[in-house]
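Notes for the structure review
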Amino acid sequence: MASMQKRLQKELLALQNDPPPGMTLNEKSVQNTITQWIVDMEGAPGTLYEGEKFQLLFKFSSRYPFDSPQVMFTGENIPVHPHVYSNGHICLSILTEDWSPALSVQSVCLSIISMLSSCKEKRRPPDNSFYVRTCNKNPKKTKWWYHGETKVLRVNSSGLDHFG
């Protein structure tokens, strides 16, 4: 537990002192606990999301950094994107099977900025309605399969298969 807290303190300072472009740590979110953060995000200039404001929720288990954080969009404005469900869940491989302890909150933030910035059309994943009705509240409980940059199949926590 002590190594997790030490790592989170280090990453918290890094995010406060040198945040990725368009990202700001919501200071109120870390006043009571170090294991749950909210990061305020603004859509990058020159992208479909320019000027839009979002919030990312990070939850860290006692196994962090060996276990990836739970990361999802939260709040009133969830981006409309082919890899973001209307409940805030994000289909991004580094949040699950491609996680490495060498990654950090900053690298996750940069990946999410990059994912949004490269979007060519605002739309929800084709299986959004089904997924939101049947998924677990924790997006890490979903088993995602990836094909290149495209999500092709997932099995949710209740074992239902679905192509998307």
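Everything below is about the structure shown above.
What comes next is a walk through the structure. (Residues numbered from 1 in each chain as written. Predicted model: local features only at pLDDT ≥ 70, side-chain atom pairs only at ≥ 80, totals over all residues. Heavy atoms only, no water.)

Before going further, it helps to spend a moment on the environment of Phe73. Relative to the assigned elements, Phe73 resides in strand E4 (residues 70-74). For Phe73, a relative accessible area of 1% puts it in the buried group. Residues Phe73 and Gly88 lie 15 residues apart in sequence; the distance between their C-alpha atoms is 4.3 Å. In this view, Phe73 contacts Met41, Phe54, Gln55, Leu56, Ile78, Pro79, Val84, Asn87, Gly88, Ile90, Ile112 and Leu116; residues no more than four positions away in its chain are not counted. (Helix = DSSP H or I, 4+ residues; strand = E, 2+ residues; numbered from the N terminus. Buried < 20%, exposed > 50% of the residue type's maximum accessible area, 1.4 Å probe, protein only. Contact = heavy atoms within 4.5 Å.)

Taken as a whole and judged by the stated rule, the model has 7 aromatic pairs. Each ring, one from Phe54 and one from Phe73, has its centre 5.9 Å from the other, and the planes form 70 degrees; the classification is edge-to-face. With Phe54 in strand E3 (residues 53-59) and Phe73 in strand E4, this pair connects stretches of sequence that are 19 residues apart. There is no split in this pair, since Phe54 and Phe73 are both buried. Between Tyr64 and Trp99, the aromatic rings sit 6.0 Å apart at their centres with planes inclined by 40 degrees, giving tilted as the arrangement. (Phe/Tyr/Trp six-rings, centres within 6.5 Å; stacked < 30°, edge-to-face > 60°.)

Here we take up the nonpolar core. Grouped burial of nonpolar side chains is what soluble globular proteins tend to show. Membership of the largest hydrophobic core comes to 34 residues, with the highest contact counts inside it found for Trp37, Met41, Leu56, Phe58, Phe73, Ile90 and Ile112. The greatest single-element share of this core, amounting to 7 residues, is contributed by helix H2 (residues 105-117). Setting aside its immediate chain neighbours within four residues, Ile112 contacts Met41, Leu56, Val71, Phe73, Ile90 and Leu92. (Core = buried A, V, L, I, M, F, W, Y, C linked by side-chain atoms within 4.5 Å.)

Look at the link from Tyr64 to Pro65: it is a cis peptide, with omega at 10 degrees. Take Pro65: it is sitting in the loop between E3 and E4.

Take helix H1 (residues 2-17) next. Taking 1.5 Å of rise per residue, 16 residues should cover 22 Å, and H1 covers 23 Å from first to last C-alpha, within 8% of that figure. Buried within H1 we find Met4, Leu8, Glu11, Leu12 and Leu15. Looking straight down H1, one finds that the buried residues subtend no more than 110 degrees of arc, so they occupy a single side. The outward face of H1, more than 90 degrees from its buried face, is lined by the exposed residues Ala2, Ser3, Lys6, Lys10 and Asn17. Contact partners of the buried residues in H1: strand E1 (23-25), strand E2 (36-42) and H2. (Expected span 1.5 Å × (residues − 1). Arc of directions from axis to C-beta.)

On to H2. Since the α-helix advances by 3.6 residues per turn, residues separated by three or four positions end up pointing in the same direction. Here H2 contains 13 residues, and its C-alpha end-to-end distance of 18 Å stays within 8% of the 18 Å for a straight helix at 1.5 Å per residue. Three or more residues of H2 are buried, namely Val105, Ser107, Val108, Cys109, Ile112, Ile113, Met115 and Leu116. In this structure, the buried side of H2 is in contact with H1, E1, E2, E3 and E4.

Honestly, it's all geometry; don't read function into it.
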